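Topology and contacts: notes
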Number of protein chains: 2
Amino acid sequence: MTGERRKFRREGADTRRQALVMATLDLIVEQGVRGATVRAIAERADVTQGLIRHYFSTKDELVQEAYLAHMAGLTEQTFAGVAERETARERLAALVVASVTPPVVDSASVGLWAGFLNHVRQDARMRAVHAQTYHDFRDRLERLIVGALEEAGRGPDAGQARRLAIACNGVIDGLWLEGGALPEAFGPDELTGIALAAVGAILQLDLEEAAKT
Amino acid sequence: MTGERRKFRREGADTRRQALVMATLDLIVEQGVRGATVRAIAERADVTQGLIRHYFSTKDELVQEAYLAHMAGLTEQTFAGVAERETARERLAALVVASVTPPVVDSASVGLWAGFLNHVRQDARMRAVHAQTYHDFRDRLERLIVGALEEAGRGPDAGQARRLAIACNGVIDGLWLEGGALPEAFGPDELTGIALAAVGAILQLDLEEAAKT
DNA sequence: GTCGTAATTATGCAAGCGTATAATTGTTCG
DNA sequence: CGAACAATTATACGCTTGCATAATTACGAC
């Protein structure tokens with residue numbers, strides 16, 4: 001008989017690109033950037049390696065798209081459910097809680113982020129994505145902070161608002177990092193309480209009360 | 001004539017191992033983990049690649065030692081000069097300032113740390129180093145915090161001390177991370193002021209005053 | 001001195017990498 | 001039903017990688 005050539009189904013470009021991106025992220029999570037080879041990605045996505053070149057002209061392009069997808073997903077997960085809260089203070093508290101709770105706090109997620117950081121430092125386009133993701137998140141956080149402070153009758157000026165947002169963002173990121181990188185070091189819900197207390201102290205707002213809603 | 005075999009000098013084991021570790025760190029900084037190949041490391045250390053195998057039975061062993069060296073250096077840099085301060089509050093302020101100032105805050109340093117994180121997630125021994133480094137730093141921070149609070153007439157209980165240390169560590173780490181990963185996003189000394197204010201707010205201590213000493 | 005030995009170099013290998021290109025095959029449209 | 005075309009597979013090339021092993025050489029002991 002003739003050699004059995006592999007059967008396949010044609011898929012739309014979007015479907016395939018997304019599948020390849022997901023396969024890339026999975027592999028980086030499981031085996032680090034090292035393990036995310038073109039061949040392994042193709043196998044995971046159940047296609048042959050040549051197809052990757054058909055959708056991404058280079059591997060770096062695929063990695064870049066994977067990074068974008070991961071960061072967008074992270075921001076989305078963090079802000080999911082925030083807008084539904086009634087008061088600004090409750091929205092802020094909800095954001096803080098979400099930031100230090102699974103699925104946002106997650107070993108794989110932090111590992112993924114760290115794995116990308118070196119690409120970020122070397123590739124200009126990835127650096128742009130990084131900067132935008134960071135500023136995006138911080139701006140949204142700053143708006144929540146300003147809202148909560150105004151609600152409490154004390155609206156900060158622009159400089160204060162910026163500094164408070166940077167500080168709160170620092171706490172959130174730091175705890176996110178530690179919770180993900182060293183999961184067994186903290187009790188369940190411990191980070192939640194600490195994050196609310198710390199951000200609350202910086203802003204002089206009682207967030208622990210607001211989080212109970 | 002016969003081929004010119006390379007001249008060399010014999011060095012002690014410690015010297016060579018240290019040189020190889022330094023070369024590894026340099027390369028990871030400059031080109032990411034990807035660029036730190038056995039051949040590149042050897043060239044940087046001005047030896048041939050076979051010598052690496054003579055001192056480290058595997059490349060991972062070298063990487064692990066490099067990680068250890070980097071983390072130890074980071075902690076040392078951060079605490080340098082802290083002990084000299086007079087009061088506990090000044091010591092705490094000095095630590096906070098050092099944590100968000102070069103050379104501790106540094107793009108290369110953060111990149112190095114991130115590059116290692118994936119190894120940490122996969123190698124048990126590196127995970128142990130990571131956990132110990134983290135707890136070591138946090139314990140020292142906690143002692144400074146307790147000292148400063150007692151100095152102010154309010155000694156926290158063990159649970160409070162732990163939570164405060166985690167929170168302050170979070171701010172410090174978060175700002176360290178952001179300062180290193182996105183240097184151009186902050187003005188000079190901006191992080192210093194924010195870090196002092198944030199940690200001060202969490203502990204309800206005036207650290208900005210104490211930092212001026 | 002010269003001799004032994006550990007440090008160092010030199011060379012090679014098998015595996016894996018990303019990329020290129022040609023051959024096939026599923027799908028769509030008239 | 002068949003032709004055209006894009007999606008997909010198959011294969012191969014050149015390079016780099018980490019690791020192994022044998023040949024050399026600097027240096028201290030006696």
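Look up a bit, the structure's there.
Overview of the structure. (Residues numbered from 1 in each chain as written. Chains lettered and ligands numbered in written order. Predicted model: local features only at pLDDT ≥ 70, side-chain atom pairs only at ≥ 80, totals over all residues. Heavy atoms only, no water.)

1. Some words on the layout of surface pockets
Taken as a whole, the largest pocket encloses approximately 750 Å³ of empty space. Lining the largest pocket we find 32 residues, and of these A:Val33, A:Arg34, B:Val33, B:Arg34 and B:His119 sit closest to its centre. Contributions of two or more residues to the lining of the largest pocket are made by helix H1 (13–35), helix H4 (59–79) and helix H6 (107–122) of chain A together with helix H1 (13–35), helix H4 (59–79) and helix H6 (107–122) of chain B. In the lining of the largest pocket, the residues fall into ten nonpolar, 14 polar and eight charged. (1 Å grid on protein atoms, 1.4 Å probe; cavity = no way out; pocket = protein on both sides within 12 Å on 5 of 7 lines; lining within 4 Å. Points joined across faces, edges and corners; volume = space filled by probe spheres on them. Helix = DSSP H or I, 4+ residues; strand = E, 2+ residues; numbered from the N terminus. Nonpolar A, V, L, I, M, F, W, Y, C, P; charged D, E, K, R; others polar.)

2. Brief notes about the relation of the copies chain B and chain A
The operation relating chain B to chain A is a screw motion whose rotation component is 180 degrees, with 0.0 Å of axial translation and a residual RMSD of 0.1 Å. Such a combination of turn and shift is consistent with a two-fold rotation axis. Taken as a fraction of all interface residues of chain B, those also at the interface in chain A reach 96%, which identifies the copy contact as same-surface. (Least-squares fit on C-alpha atoms with pLDDT ≥ 70 in both. Contact = heavy atoms within 4.5 Å.)

3. As for the environment of B:Ala197
All names here are of chain B. Residue placement: alanine 197 occurs in helix H9 (residues 190–203). Among the residues examined, alanine 197 registers a relative accessible area of 34% and is labelled partly exposed. Placed 138 residues apart in sequence, alanine 197 and lysine 59 show a C-alpha to C-alpha distance of 44 Å. (Buried < 20%, exposed > 50% of the residue type's maximum accessible area, 1.4 Å probe, protein only.)

4. Examining the protein's contact with DNA strand D
Taken together, 24 residues lie around DNA strand D, and A:Arg10, A:Arg16, A:Tyr55, B:Arg53 and B:Lys59 are the ones closest in. Those atoms of DNA strand D that come within 4 Å of the protein belong to sugar or phosphate at a rate of 65%. Within the contact set of DNA strand D, a phosphate oxygen lies 3.0 Å away from a backbone nitrogen or oxygen of A:Arg9. Taking B:Arg10, its side chain carries an N or O atom lying 2.9 Å from a base nitrogen of DNA strand D. Elements with a contribution of two residues or more to the surface near DNA strand D: helix H3 (50–55) of chain A together with helix H2 (38–44) of chain B. Ranked by residues supplied to the surface near DNA strand D, first place goes to H3(A) with four residues. Its residues assigned to classes, the surface near DNA strand D shows six nonpolar, six polar and twelve charged. (Near = heavy atom within 4 Å. Polar contact = N/O pair within 3.5 Å; in protein donor to acceptor, adjacent residues only side chain to side chain.)

5. Details of the pattern of salt bridges
All names here are of chain B. The full count for this structure, using the stated rule, is 14 salt bridges over all chains. In this structure, the salt-bridge partner of arginine 44 is glutamate 30, at a minimum N-O distance of 3.0 Å. Highlighted residues: arginine 44 in helix H2 and glutamate 30 in helix H1, separated in sequence by 14 residues. (Salt bridge = Lys/Arg side-chain N within 4 Å of Asp/Glu carboxyl O.)

6. Here's the deal with the packing of aromatic side chains
Each aromatic ring pair is specified by the distance between its two centres and by the angle formed by the two planes. Within the structure shown, the criterion is met by eight aromatic pairs over all chains. Measuring from centroid to centroid gives 5.8 Å for B:Trp113 and B:Trp176, while their planes differ by 90 degrees, and the two rings are edge-to-face. Of this pair, B:Trp113 sits in helix H6 while B:Trp176 is found in helix H8 (residues 158–181), placing the two residues 63 residues apart along the sequence. Owing to a relative accessible area of 8%, B:Trp113 belongs among the buried residues under this scheme. Of the residues examined, B:Trp176 reaches a relative accessible area of 8% and is grouped as buried. For the cation-ring pair, A:Arg140 lies above A:Phe79, with the distance from its terminal atom to the ring centre recorded as 3.8 Å. (Phe/Tyr/Trp six-rings, centres within 6.5 Å; stacked < 30°, edge-to-face > 60°. Lys NZ or Arg CZ within 6 Å of the ring centre and 35° of its normal.)

7. Section: the protein's contact with DNA strand C
Residues in close proximity to DNA strand C total 25 residues, the closest being A:Arg10, A:Thr37, A:Arg53, B:Arg10 and B:Arg16. The contact atoms of DNA strand C, taken as those within 4 Å of the protein, divide so that sugar and phosphate hold 65%. A:Thr58 is positioned such that a nitrogen or oxygen atom in its side chain is 2.7 Å from a phosphate oxygen of DNA strand C. Elements represented by at least two residues in the surface near DNA strand C include exactly helix H2 (38–44) of chain A together with helix H3 (50–55) of chain B.

Fair warning: the whole summary comes from geometry, so function is off the table for now.
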